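# Structural overview for review
Spelled out, the chains give:
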Amino acid sequence: MQKLAVAILGLVLWTAGARLAAGEVVLREVEIGPARFEVVELARTPQERAQGLQGRRHLPDSAAMAFLSLPPRPQVFWMKNTLVPLDILFLDARGTILQITSMEVEEPRREGESEGHYLARLKRYPCRRPVFCALEIRGGLAAELGLQEGERIPALSWEALKEHAIPEP
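Definitions and cut-offs
Residues numbered from 1 in each chain as written. Predicted model: local features only at pLDDT ≥ 70, side-chain atom pairs only at ≥ 80, totals over all residues. Heavy atoms only, no water. Helix = DSSP H or I, 4+ residues; strand = E, 2+ residues; numbered from the N terminus. Buried < 20%, exposed > 50% of the residue type's maximum accessible area, 1.4 Å probe, protein only. Core = buried A, V, L, I, M, F, W, Y, C linked by side-chain atoms within 4.5 Å. Lys, Arg positive; Asp, Glu negative; His and termini not counted. Salt bridge = Lys/Arg side-chain N within 4 Å of Asp/Glu carboxyl O. Polar contact = N/O pair within 3.5 Å; in protein donor to acceptor, adjacent residues only side chain to side chain. Contact = heavy atoms within 4.5 Å. Pairing = 2+ DSSP bridges.

So, on to unusual backbone geometry. With glycine set apart, most residues show a phi of negative sign, and most peptide bonds adopt trans. The linkage connecting Leu70 with the following residue, Pro71, adopts the cis geometry, with an omega of 0 degrees. One non-glycine residue, Glu29, lies in positive phi territory at about 55 degrees. Here Glu29 is to be found in strand E2 (residues 25-32). Accessibility expressed as a relative area gives 33% for Glu29, which makes it partly exposed. For Asn81, which is not glycine, the phi torsion reads 50 degrees and is therefore positive. Assignment of secondary structure puts Asn81 in the loop between strand E4 (63-77) and strand E5 (86-91). Given a relative accessible area of 36%, Asn81 falls into the partly exposed group.

Counting 28 residues, the largest nonpolar core has Ile32, Phe37, Val40, Leu89, Leu135, Ile137 and Leu156 as the members making the most contacts within it. Those elements giving two or more residues to this core turn out to be E2, strand E3 (35-43), E4, E5, strand E7 (125-138) and helix H3 (141-145).

Looking now at the side chain of Asp92. Take Asp92: it is sitting in the loop between E5 and strand E6 (97-103). In this structure Asp92 is buried but unpaired, with Arg94 as the nearest side chain of opposite charge at 5.7 Å. At a separation of 2.9 Å, a polar atom in the side chain of Asp92 contacts the main-chain amide nitrogen of Arg94. Beyond its immediate sequence surroundings of up to four residues, Asp92 is in contact with Leu98, Pro130 and Phe132.

Here we come to the pairing of E3. Along any regular strand the residues' side chains alternate between the sheet's two faces. Among the 9 residues of E3, 7 are classified as buried, and the element is accordingly described as predominantly covered. Pairing of E2 with E3, which is carried by 7 bridges, proceeds in the antiparallel orientation. When the bridges of E3 are listed, Val30 appears paired with Phe37. Remark: 2 residues form the turn of the hairpin made by E2 and E3, two consecutive strands paired antiparallel; Gly33 in that turn has positive phi of roughly 60 degrees. Looking at chain direction, E3 and E4 are connected through 5 bridges and run parallel. Looking at the pairing, Ala43 lines up with Phe67 of E4.

The values reported here are purely geometric and, on their own, carry no functional implication.
This is the structure:
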């Protein structure tokens, strides 16, 4: 049986060395396929989703970030200022994996390059189906764990996370 401890943390040191702001929510000991993730950060607000994993130099195999969307809707991600390759698992409200996509590190913003030009050249990674949760993990880890589309992750379903989901404005 899955054990899921949900805690609201103040200023604590995250496994990867980044600080969580007061009020941010993390899940502890989340089973995803054959692996147990020690920390899954929840990006719930527009500000948390915009920041994502930007600037992180390392993402341990036991850590992830989940982007919640309410209501579920198609999603598009990019690798703006992201320094590590990522896999992204797009999940529906039941926690079913709809799509798994590998995202590569982009060339950083060039000296003299406008913000607009930098953003325009970033590759987009879409999922056209309604997504409740997009889970970012270390690049290549989805294949290493043998995760497949159609597999369920109950700990990341609407039922498990409804108290943490914030409706879109």
